[in-house]
Amino acid sequence: MQGILISVDLNAKQAVIACDDKLYTAKLSANEASLQKGDHVEFSAIEKADGVKDQTVKIDAVIKDAYKQYGIAISAKSSVSDHAIIDTKHNVKLCGEGSDANSALGALIELAKKSNANALLNTKLTVKSLRFSGKLLFCYKAEAAIIEGPKYHQKPGVKLDINERVVRRNSPNEAMIRYIRVLLISILFIILPCLLSLQQQRILPPPFGSIACGVTLGLSLFAGLFYSSRKQVAYLLRQKH
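Residues numbered from 1 in each chain as written. Predicted model: local features only at pLDDT ≥ 70, side-chain atom pairs only at ≥ 80, totals over all residues. Heavy atoms only, no water.

Asks: So what exactly am I meant to see when it comes to the environment of Y227 here?
Replies: Tracing the chain through its elements places Y227 in the loop between α3 (206-226) and β11 (233-238). Counting along the chain gives 95 residues from Y227 to F132, while the straight-line C-alpha distance between them is 8.7 Å. With sequence-adjacent residues up to four places away left out, Y227 is seen in contact with M176, I177, I180, R181 and F222. (Helix = DSSP H or I, 4+ residues; strand = E, 2+ residues; numbered from the N terminus. Contact = heavy atoms within 4.5 Å.)

This is how it looks when you write it as structure tokens:
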């Protein structure tokens, strides 16, 4: 299996790998001390002597050329080796979100190319477990830059094209979850009084009116608590200082 490291603890000799919609814990050996967050790895389950698979996994290999397919430089640092930074914006982050690491990275890459960037600096992957549903929301954040060097080159006359008028202060997926919950609460304030009024007027028999109110309330609470938005989306985020 292939995944992306989202955390590395050299003291505990453990790492967490994100693959599809799951997280795996891997034990690190001495020769894996150079691993960093964001590295693409191949891993497999550990089998015990009795043939039963352990809950932890082992890292078989690091995919060093994983980012080459995207055609732009991706670095967890503030620079790219042997390249000079021609243009960058430190006050705005480019962000990509999705239901897995690959879809989040794909959204980020697409936004970077639209912004004329040939490099992403200070790239960071975060994984958030959505409350109640427990599903994972993956988010890549990075600073767009144009660099010049032996491998990546600035196109003549091209500068970064980042529209700061559409910069956001929060995640679109998390904002959608809050919006849906507020919308459901608002609908309840409309529907429940109507059902109670129909019951008082004997249009709805008392048992059915009470059942209808209970079912409506229960379904709304269930939908509000367990609704999760994990769409693949790219956006600009205002950098906090």
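Moving on, there is more to tell.
Asks: Before we go on, may I ask you to explain α3 in this structure?
Replies: Residues spaced three or four apart along an α-helix face the same direction, because each turn holds 3.6 residues. Here α3 is 21 residues long and its end C-alpha atoms lie 30 Å apart, about the 30 Å a rise of 1.5 Å per residue gives. Within the sequence span of α3, burial applies to G209, C213, S220 and G224. For α3, the angular spread of buried residues about the axis comes to 45 degrees, placing them on one side. Of the exposed residues in α3, the ones pointing more than 90 degrees away from its buried face are P207, F208, I211, L219 and F222. Looking at the buried positions of α3, the neighbouring elements they touch are α2 (172-200). (Expected span 1.5 Å × (residues − 1). Buried < 20%, exposed > 50% of the residue type's maximum accessible area, 1.4 Å probe, protein only. Arc of directions from axis to C-beta.)

Asks: Is there a simple way to think about the packing of aromatic side chains in this case?
Replies: Aromatic ring pairs: the centre-centre distance and the angle between the two ring planes describe each pair. A complete count under the given rule lists 2 aromatic pairs for this structure. Between the aromatic rings of Y24 and F43, the centroid separation amounts to 5.2 Å while the plane-to-plane angle is 50 degrees, which identifies the pairing as tilted. Of this pair, Y24 sits in strand β3 (residues 22-27) while F43 sits in strand β4 (residues 40-47), and the two are 19 residues apart along the sequence. Using a relative accessible area of 1% as the deciding quantity, one classes F43 as buried. Centre to centre, the rings of F222 and F226 are 4.9 Å apart; their planes meet at 35 degrees, and the pair counts as tilted. Note that F222 and F226 are positioned in helix α3 at a spacing of 4 residues, about one turn of the helix. (Phe/Tyr/Trp six-rings, centres within 6.5 Å; stacked < 30°, edge-to-face > 60°.)

Asks: Help me understand the side chain of S220 in this model?
Replies: Along the chain, the position of S220 falls in helix α3. For S220, the contacting residues outside a window of four places in its chain are L184 and L188.

Asks: What should I look at first to understand the nonpolar core in this one?
Replies: A general tendency of soluble globular proteins is for nonpolar side chains to be buried together. Counting 29 residues, the largest nonpolar core has I74, L94, L105, L120 and Y140 as the members making the most contacts within it. Secondary structure elements with two or more residues in this core: β1 (2-9), β8 (92-98), α1 (101-114), β9 (119-129) and β10 (136-148). With 7 residues, α1 is the single largest residue contributor to this core. In contact with L120, other than residues within four places in its own chain, are I72, A73, I74, S75, L94, L108, I109, A112, A142, E143 and A144. (Core = buried A, V, L, I, M, F, W, Y, C linked by side-chain atoms within 4.5 Å.)

Asks: I'm lost on the pairing of β3 in this one. Help?
Replies: As a general feature of sheets, a regular strand has side chains that alternate between the two faces. Looking at chain direction, strand β2 (residues 14-19) and β3 are connected through 6 bridges and run antiparallel. The residue bridging A18 from the neighbouring strand is L23, located in β3. Adjacent in sequence and paired antiparallel, β2 and β3 are bridged by 2 residues, among which D20 carries a positive phi angle near 55 degrees. (Pairing = 2+ DSSP bridges.)

Asks: How should a nonpolar patch on the surface be read in this particular structure?
Replies: On the surface, F132, L217, L221, F222, L225 and F226 cluster together to form a nonpolar patch covering roughly 570 Å² of accessible area. Looking at the secondary structure, you find L217 in helix α3. Classification of L217 as partly exposed rests on a relative accessible area of 36%. (Patch = residues over 30% accessible without salt bridge, like charges linked within 9 Å, V, L, I, M, F, W, Y side chains within 5 Å. Areas by Shrake-Rupley, 256 points an atom, 1.4 Å probe, with all protein chains shown as cover. Salt bridge = Lys/Arg side-chain N within 4 Å of Asp/Glu carboxyl O.)

Asks: What is the right way to read unusual backbone geometry from this model?
Replies: Excluding glycine, most residues fall at negative phi; most peptide bonds, likewise, are trans. In the Ramachandran plot, D82 falls in the positive-phi region, its phi being about 65 degrees despite a non-glycine side chain. Examined against the element boundaries, D82 turns out to sit in the loop between β6 (73-74) and β7 (84-88). A positive phi angle, near 65 degrees, is found at R202, a position not held by glycine. Position of R202 among the secondary structure elements: in the loop between α2 and α3.

Asks: Looking at this structure, how should I read the pattern of salt bridges?
Replies: On inspection of all chains with the given rule, the structure shows 4 salt bridges. The closest approach of N and O atoms between E164 and K89, which form a salt bridge, is 3.3 Å. Of the two residues, E164 sits in the loop between β10 and α2 while K89 sits in the loop between β7 and β8, which places them 75 residues apart along the sequence. Residue classification places K89 among the partly exposed residues on the basis of a relative accessible area of 24%. Measuring nitrogen to oxygen at the nearest pair gives 3.3 Å for the salt bridge that ties K128 to E174. Placement of K128 in strand β9 and of E174 in helix α2 is noted, with a sequence separation of 46 residues between them. Take K128: its relative accessible area is 42%, and that puts it in the partly exposed class.

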